[in-house]
Number of protein chains: 2
Amino acid sequence: MSIKIITISRQFGSGGRSIAKKLAEKLGYDYYDKEIIDNVALETGFSKEFVAAKGEEAPGKTVFSYGFESAGMPGIMNGMTTNDYLWTVQRKVILDIAATGKPCVIVGRSADYILREHDGVFNAYIYADMKYRVDRILKLYGSSEKKPEKRLSDKDKKRAANHKHFTDLEWGFAPNYDISLNSGKLGEDKCVDILYGIVTEK
Amino acid sequence: MSIKIITISRQFGSGGRSIAKKLAEKLGYDYYDKEIIDNVALETGFSKEFVAAKGEEAPGKTVFSYGFESAGMPGIMNGMTTNDYLWTVQRKVILDIAATGKPCVIVGRSADYILREHDGVFNAYIYADMKYRVDRILKLYGSSEKKPEKRLSDKDKKRAANHKHFTDLEWGFAPNYDISLNSGKLGEDKCVDILYGIVTEK
């Protein structure tokens, strides 16, 4: 199995990004995470913050848009929604990355789905139990008004809805990936080792 | 992480059983698969074939039982269904295995759920894409009247429904396991290596 691109989908707070970064360093592969947002912002003229926020949204989940959608009018009347437009640009950015032929690790952004027709792509999903993630986000980001469990479950729901909207796939359903790892149980370094072992096999 | 019991849930045709057997041999652990059915048969007086067939059923899915269930009467009137009874015996057999304290590998039978309160349990889910599984079951079991794709998807549905019925958990949803492996992509031996590496770590 010749793997050139590893995509890492992850639950917020699971350490999936950190695992992806360490893996890319260990392999000497390029690493794409916020760089994708930067490129989408550059391409569209929207701010990075706007692009990042939209990428985590569950499209069509406002009361306002429900009204239009139930009338067969997605988004605002018949136009393309901003979410849909950003998806097409993000898709192009990810396809361009793959087209360079340089080995890389890509975090999030449904890259697993976008690159599903490409050879040499390996898709990993990283998750952990609630307690592990709560401890981790409190250490990394501090507390906020919203309870950490609520922050995490809101993020989970949004990511799942966003993924479902654009790919029609269940986020976190094992058969949609090549491997799924519980980082809380295994530890970040073991996750990196397992993925490194798979990519460098043979 | 001190692991004494590894449970292997698997899609039919994925080679999960073969991976579990090789892993148990490599670790020198006891191996439980059909042994559980044998013990349930011994305990209940039902034949092994009957116990095995019931264990793959999606309970409450017959037209006949639907009638009673919709009237608030599960199974035949108010009695326990055979499926439910077999579940309780199977649960006891698995708890007894765990209580011996001897390290082991257990295949299927929702052992991951049954042992969820036990320390030192590691839960793996093995799956593969349809083509890999079709090729594998045709080689192992030959063809039958039913198309192999249909045989596989029927089995998947039944196992998922059975698991859902007794555990209320989504079968194959990654966060319900500690690791999920695509045996078709990784190969059986690599799956064994990864699991062996996790168990023997430290």
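Let us look at the structure shown here. Computed from a predicted structure; not experimentally measured.

Helix and strand counts for chain A stand at 10 helices and five strands. Within chain A, the proportion of its 202 residues that are buried is 49%. Partitioning the intrachain contacts of chain A with sequence separation of at least 6 by distance along the chain shows that 71% fall at a separation of at least 24.

All names here are of chain A. The tally for this structure, following the rule as stated, stands at 34 salt bridges over all chains. Between D30 and K102 there is a salt bridge, with its nearest N and O atoms 3.2 Å apart. In this pair, D30 sits in strand β2 (residues 30-32) while K102 sits in the loop between α5 (82-99) and β3 (104-107), placing the two residues 72 residues apart along the sequence. Here D30 falls in the partly exposed class, since its relative accessible area comes to 26%.

Contacts between chain B and chain A engage 24 residues on the former and 24 residues on the latter. Carbon and sulfur atoms supply 60% of the area buried between chain B and chain A, which totals about 1900 Å² over both sides. Of all residues in chain B, the largest losses of buried area upon contact with chain A belong to B:D178, B:K185 and B:K190, amounting jointly to 26% of the total for that side. For the pair chain B and chain A, the number of links is four salt bridges.

Below, the discussion takes up the packing of aromatic side chains. This model, assessed by the stated rule, comprises 12 aromatic pairs over all chains. Centroid distance A:F46 to A:F50: 4.7 Å. Interplanar angle 35 degrees. Geometry classified as tilted. For the pair B:W87 and B:F166, a centre-to-centre distance of 4.5 Å together with 5 degrees between the ring planes defines the contact as stacked. Of this pair, B:W87 sits in helix α5 (residues 82-99) while B:F166 sits in helix α8 (residues 148-167); the two residues are 79 residues apart in sequence, bridging distant segments of the chain. Judged by its relative accessible area of 12%, B:W87 is buried. Look at B:F166 and you get buried, because its relative accessible area is 13%. Through pairs of rings, three or more aromatic residues link up here, namely A:Y125, A:Y127, A:W171 and A:Y177. Above the ring of A:Y113, the side-chain terminus of A:R116 is found at 3.9 Å from the ring centroid.

Attention now goes to the relation of the copies chain B and chain A. You can overlay chain B on chain A at an RMSD of 0.0 Å; the transform is a turn of 180 degrees with a shift of 0.0 Å along its axis. Overall, the copies show the geometry of a two-fold rotation axis. With an isologous cut-off of 70% or more, the 100% of interface residues of chain B that recur at the interface of chain A puts this contact in the isologous class.

Turning our attention to unusual backbone geometry. Residues and elements named next belong to chain B. In this structure, R109 is a non-glycine residue whose phi angle is positive, near 55 degrees. Of note, R109 is situated in the loop between β3 (104-107) and α6 (111-114). Under the relative-accessibility criterion, R109 is labelled buried at 18%. Phi angles above zero are rare outside glycine, and S110 is one such case at about 55 degrees. Its place among the elements puts S110 in the loop between β3 and α6.

All names here are of chain B. Along the chain, T167 turns up in helix α8. Remark: the alpha-carbon pair of T167 and I114, spanning 53 residues in sequence, is separated by 8.5 Å. The contacts of T167, once residues within four sequence positions are left out, are W87, S110 and Y113. Looking at T167, its side chain comes within polar contact range of the main-chain oxygen of H163, at 2.5 Å. There is a polar contact of 3.0 Å between the side chain of T167 and the backbone nitrogen of L169.

Procedures and definitions
Residues numbered from 1 in each chain as written. Chains lettered and ligands numbered in written order. Predicted model: local features only at pLDDT ≥ 70, side-chain atom pairs only at ≥ 80, totals over all residues. Heavy atoms only, no water. Helix = DSSP H or I, 4+ residues; strand = E, 2+ residues; numbered from the N terminus. Buried < 20%, exposed > 50% of the residue type's maximum accessible area, 1.4 Å probe, protein only. Contact = heavy atoms within 4.5 Å. Salt bridge = Lys/Arg side-chain N within 4 Å of Asp/Glu carboxyl O. Buried area = accessible area lost by both parts, 1.4 Å probe. Phe/Tyr/Trp six-rings, centres within 6.5 Å; stacked < 30°, edge-to-face > 60°. Lys NZ or Arg CZ within 6 Å of the ring centre and 35° of its normal. Least-squares fit on C-alpha atoms with pLDDT ≥ 70 in both. Polar contact = N/O pair within 3.5 Å; in protein donor to acceptor, adjacent residues only side chain to side chain.

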